[in-house]
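Results of the structural survey
Here's the letter readout for the chains.
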Amino acid sequence: MHLQAVHKTYGTARQAVTALDGVTVDFPSGTFTAVMGPSGSGKSTLLHCAAGLDRVTGGSVIIDGRDLGTLGQTELTLLRRERVGFVFQAFNLVSALTAEQNVSLPLRLAGRRVESAEVRQALAEVGLSGRAGHRPSQLSGGEQQRVAIARALITRPAVVFADEPTGALDIKTSRHVLGLLRDLVTRHELAVIMVTHDPVAASYADRVLFLADGKLIEEVPGPVTPEDVAARMAGLEASAS
Ligand SMILES: Nc1ncnc2c1ncn2[C@@H]1O[C@H](COP(=O)(O)OP(=O)(O)OP(=O)(O)O)[C@@H](O)[C@H]1O
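These numbers were taken from a predicted model, which means no experiment stands behind them.

Here's the deal with the site of the ligand
In the vicinity of the ligand, the residues found are Y10, G11, V17, A19, G37, S39, G40, S41, G42, K43, S44 and T45. Going through the elements one at a time, β2 (17-26) and α1 (43-50) are the ones with two or more residues in the shell around the ligand. It is α1 that contributes the most residues to the shell around the ligand, 3 residues altogether.

Here's the deal with the sheet that holds strand β10 (residues 215-221)
If you trace the 6 strands from one edge of the open sheet to the other, you get β6-β7-β8-β3-β9-β10, paired in mixed fashion. This sheet does not close on itself; its edge strands, each paired only once, are β6 (84-88) and β10. With direction set aside, neighbouring strand axes in the sheet form an average angle of 20 degrees. Both strand β3 (residues 31-36) and strand β9 (residues 207-212) contribute to a ladder of 4 bridges, which runs parallel.

Comments concerning the pairing of β10
When a strand is regular, its side chains alternate between the sheet's two faces. As paired elements, β9 and β10 share 6 bridges and run antiparallel to each other. In the sheet register, R207 faces β10, and the bridge partner there is P221. Following β9, the chain reverses through 2 residues before pairing antiparallel with β10; D213 in that reversal takes a positive phi of roughly 50 degrees.

Some details on the nonpolar core
Here is a general trend for soluble globular proteins: nonpolar side chains tend to be buried in one another's company. One finds V35, A50, A150, L181 and V192 to be the most contacted residues of the largest nonpolar core, which totals 65 residues. The dominant element in this core, judged by the number of residues it contributes, is helix α5 (residues 141-153), at 6 residues. If we skip the residues at most four places from it in the chain, L181 touches F32, I149, A162 and V192.

What to know about helix α6 (residues 171-188)
For α6, which comprises 18 residues, the first-to-last C-alpha distance of 26 Å matches the rise-based estimate of 26 Å (1.5 Å per residue) to within 8%. Within α6, the full set of buried residues consists of S174, V177, L178, L181, L184 and V185. The buried side chains of α6 occupy one side of the element, clustering within an arc of 120 degrees when seen end-on. Seen from the buried face of α6, the exposed residues on the opposite side, beyond 90 degrees, are K172, G179, D183, T186 and R187. Looking at the buried side of α6, the elements it contacts are β3, α5, β7 (159-163), β8 (191-195) and α7 (199-202).

Observations regarding the UniProt feature "domain: ABC transporter" (unreviewed entry) in the protein
Summarizing the sequence annotation, UniProt attributes the feature "domain: ABC transporter" (unreviewed entry) to residues 1-238 in the numbering used throughout. With 37% helix and 26% strand, the stretch residues 1-238 has end C-alpha atoms that lie 32 Å from each other.

Describing the environment of L181
Within the fold, L181 resides in helix α6. A tally of 26 C-beta atoms within 10 Å means that L181 is categorised as buried. On a C-alpha basis, the gap between L181 and F32 in space is 8.3 Å, while along the polypeptide they are 149 residues apart.

Looking at the sheet that holds strand β5 (residues 66-67)
A sheet is described by the order of its strands in space; here 4 strands give the open sequence β2-β1-β4-β5, paired in antiparallel fashion. Since the sheet does not close on itself, it has two edges, and those belong to β2 and β5, each with one partner. In terms of strand pairing, strand β1 (residues 2-10) meets strand β4 (residues 58-63) through 4 bridges, oriented antiparallel. Looking at β4, one finds that L3 is bridged to V61. Contacts from α1 reach β1, β2 and β4 within the one sheet, and its direction differs from that of β2 by about 60 degrees.

Calculation rules
- Residues take numbers from 1 onward in each chain, read along the sequence in its written order.
- In keeping with the predicted nature of the model, local features appear solely for residues at pLDDT of at least 70, side-chain atom pairs appear and are counted solely at 80 or more, and the whole-chain, interface and lining totals rest on all residues.
- To decide nearness, the C-beta atom of each residue is placed from the backbone, and the residue is near a molecule or strand if that atom lies within 6 Å of it.
- Comment: elements are numbered from the N terminus, with helices defined as DSSP H or I runs of at least four residues and strands as E runs of at least two.
- Any two strands between which DSSP finds at least two bridges are classified as paired.
- To get an axis, fit a line to the C-alpha atoms, keeping to the stretch in contact for a helix; angles then go from 0 to 180 degrees between the N-to-C directions.
- Definition of nonpolar core: a set of buried Ala, Val, Leu, Ile, Met, Phe, Trp, Tyr and Cys residues joined via C-beta atoms within 7 Å.
- A residue is called partly exposed when the number of other C-beta atoms within 10 Å of its own lies between 12 and 20, exposed at 12 or fewer, and buried at 20 or more, with C-beta atoms placed from the backbone.
- This entry defines residue contacts through backbone-placed C-beta atoms, with two residues in contact when those atoms are within 7 Å.
- Expected helix span is taken as 1.5 Å per residue step, with the number of steps being one fewer than the number of residues.
- It is the directions from the helix axis to the C-beta atoms whose arc is reported.
- UniProt positions are given in the numbering used here, feature names are shortened, and annotations may be inferred rather than shown by experiment.

Next comes the structure, spelled out in structure tokens:
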């Protein structure tokens, strides 16, 4: 997927806030990208615009060769449903449904036939074969996030957006989830775009993008050490304050 000269302004006239100011970046298949930057630098806005959850005010977002700005609301919803996966900090599983039912939900929403074998295979890929019948409350945080990852992958998306996916997990569980994401990127030729504040999480990525004031100011190819990421963030935060 690709962002070309993306601008996003909230509000109008004197109230206007420029959240993204001309961001051009490619997110190739098979690449795990971490997005970092000080608070207010535009990370969430980048994620929302790139995922088609919010419209850009300038430039274009291309997924699967299609410019999201040219799509009507229905087409956009369909493209998002079929080609984009989401993983959130708070897992966002449906508490009344089992792991298996949660994973199959995107297929049901898309009106597709649900093959039980396909859903079981997705759960096996995240190491949860034995938990298919459990509800979220019967699973640990790490297990819930792995169900959410299986759910994000079930439609075979081109791109997965992860918003602080380890923000609610302890260190050991975080490492497990990040290692899993890392493997899935390679295995499924996915583009994963992860917003994070955690330098250790960022170090699992193939490259780290740094935003400041809505601009992409640095693109650091991996492998990146957590110390290097932390040092760059400290520099950015010092100049932002
Ligand atoms: N709905 C909105 N209306 C007006 N301004 C907004 C809106 N959403 C974000 N902004 C502004 O856009 C800028 C970028 O915000 P954004 O949430 O993308 O930053 P962020 O890097 O994700 O921050 P954080 O790390 O604190 O979550 C900020 O100045 C913010 O105040």
